[in-house]
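Notes for the structure review
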Amino acid sequence: DAGVIQSPRHEVTEMGQEVTLRCKPISGHDYLFWYRQTMMRGLELLIYFNNNVPIDDSGMPEDRFSAKMPNASFSTLKIQPSEPRDSAVYFCASRQDDAVYTFGSGTRLTVV
Amino acid sequence: ELKVEQNPLFLSMQEGKNYTIYCNYSTTSDRLYWYRQDPGKSLESLFVLLSNGAVKQEGRLMASLDTKARLSTLHITAAVHDLSATYFCAAQPYSNYQLIWGAGTKLIIKP
């Protein structure tokens, strides 16, 4: 298996622009998680899905952030409009019931 | 509310020495995870500890769990430079799949 695949690896955008991050989980994994990592706040869970349904989105910072999972093999995290404080590394992770969480390589987002 | 504390947050040590990273959590937890992260890289799963007294070993790393003390340890034996990384512990509450993360321990092993 290729693991959890995220794209793009790096994204540089201007403040106010829309940003879309993509994730393909491991086939057969029922859960998908979006995390954000910064030096100041560490790892933060933004949202997670079970069988494509959002279960807990309490970590989504504000209405500018949205996430979707239209099918079992694809999820997006969108920021609109982006702000410099959104600069971070965004990780996607997936897991099967009773298994470890497998992380993707991350997307390093820089908003200037 | 489940909280996780790691210490130390930074550790510099010589090759060949032994050391332990501590992970305390505030309330009962379903399971405890240890991950490794190299600079600019993703998080790599090291261990999952499920029950009291659980001990797992991989190479020079050994993790243990004491649920009564709400404490997990990651012990490094005869450290080598390749083990330099940031190590995170994370606890999973019984109620959901949200992992609660420690702040991470940055480990530097000098030759």
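Structure: see above.
The structure reproduced in this document is the subject of the present report. (Residues numbered from 1 in each chain as written. Chains lettered and ligands numbered in written order. Predicted model: local features only at pLDDT ≥ 70, side-chain atom pairs only at ≥ 80, totals over all residues. Heavy atoms only, no water.)

**What to know about the overall build of chain A**
Regarding its fold elements, chain A presents zero helices and eleven strands. The helix and strand sequence of chain A, counted from the amino end, reads β-β-β-β-β-β-β-β-β-β-β. Taking 13 Å as the expected radius of gyration for a compact globule of 112 residues, we find that chain A reaches 13 Å, a close match to that expectation. Its C-alpha atoms put chain A at 40 × 25 × 25 Å along the principal axes. Buried residues in chain A amount to 47% of all 112 residues. When the accessible surface of chain A is summed, it comes to about 5,600 Å², and 48% of that surface belongs to carbon and sulfur atoms. Of note, chain A has its 11 positive side-chain charges centred 4 Å away from the centre of its 14 negative side-chain charges. (Helix = DSSP H or I, 4+ residues; strand = E, 2+ residues; numbered from the N terminus. Rg over C-alpha atoms; globule rule 2.2 N^0.38 Å. Buried < 20%, exposed > 50% of the residue type's maximum accessible area, 1.4 Å probe, protein only. Areas by Shrake-Rupley, 256 points an atom, 1.4 Å probe, with all protein chains shown as cover. Lys, Arg positive; Asp, Glu negative; His and termini not counted. Charge placed at Lys NZ, Arg CZ, Asp CG, Glu CD.)

**Describing the interface of chain A and chain B**
Each partner contributes to the interface: chain A provides 19 residues, whereas chain B provides 17 residues. Taken over both partners, the interface formed by chain A and chain B buries close to 1,500 Å², and the fraction arising from carbon and sulfur atoms is 54%. Of all residues in chain A, the largest losses of buried area upon contact with chain B belong to Leu43(A), Tyr101(A) and Phe103(A), amounting jointly to 35% of the total for that side. Along the contact surface separating chain A from chain B lie zero salt bridges. Counting across the chain A and chain B interface gives nine residue pairs in polar contact (both at pLDDT 80 or more). At the level of secondary structure, the elements contributing two or more residues to the side of chain A that touches chain B comprise strand E4 (31-38), strand E5 (42-50) and strand E9 (88-95) of chain A. (Contact = heavy atoms within 4.5 Å. Buried area = accessible area lost by both parts, 1.4 Å probe. Salt bridge = Lys/Arg side-chain N within 4 Å of Asp/Glu carboxyl O. Polar contact = N/O pair within 3.5 Å; in protein donor to acceptor, adjacent residues only side chain to side chain.)

**Topic: the side chain of Asp56(A)**
Along the polypeptide, Asp56(A) turns up in strand E6 (residues 53-56). Buried within the structure, Asp56(A) lacks any salt-bridge partner; Arg95(A) is the closest side chain of opposite charge, at an N-O distance of 13 Å. Within the structure, the side chain of Asp56(A) is placed 2.6 Å from the side chain of Ser58(A), a separation counted as a polar contact. Not counting residues up to four positions away in its chain, the partners in contact with Asp56(A) are Leu46(A), Ile47(A), Tyr48(A) and Gln98(B).

**Some details on the sheet that holds strand E6 (residues 55-58) of chain B**
All names here are of chain B. Here we have five strands laid out as an open sheet, ordered E1-E3-E8-E7-E6, and antiparallel in their pairing. Edge strands, defined here as strands with exactly one partner in the open sheet, are strand E1 (4-7) and E6. Ignoring strand direction, the axes of neighbouring strands in this sheet form an average angle of 15°. Relative to strand E3 (residues 19-25), E1 runs antiparallel, the two being bridged by four bridges. Bridging across to E3, Glu5 finds its partner in Asn24. (Pairing = 2+ DSSP bridges. Axes fitted to C-alpha atoms, helices over the stretch in contact; angles between N-to-C directions.)

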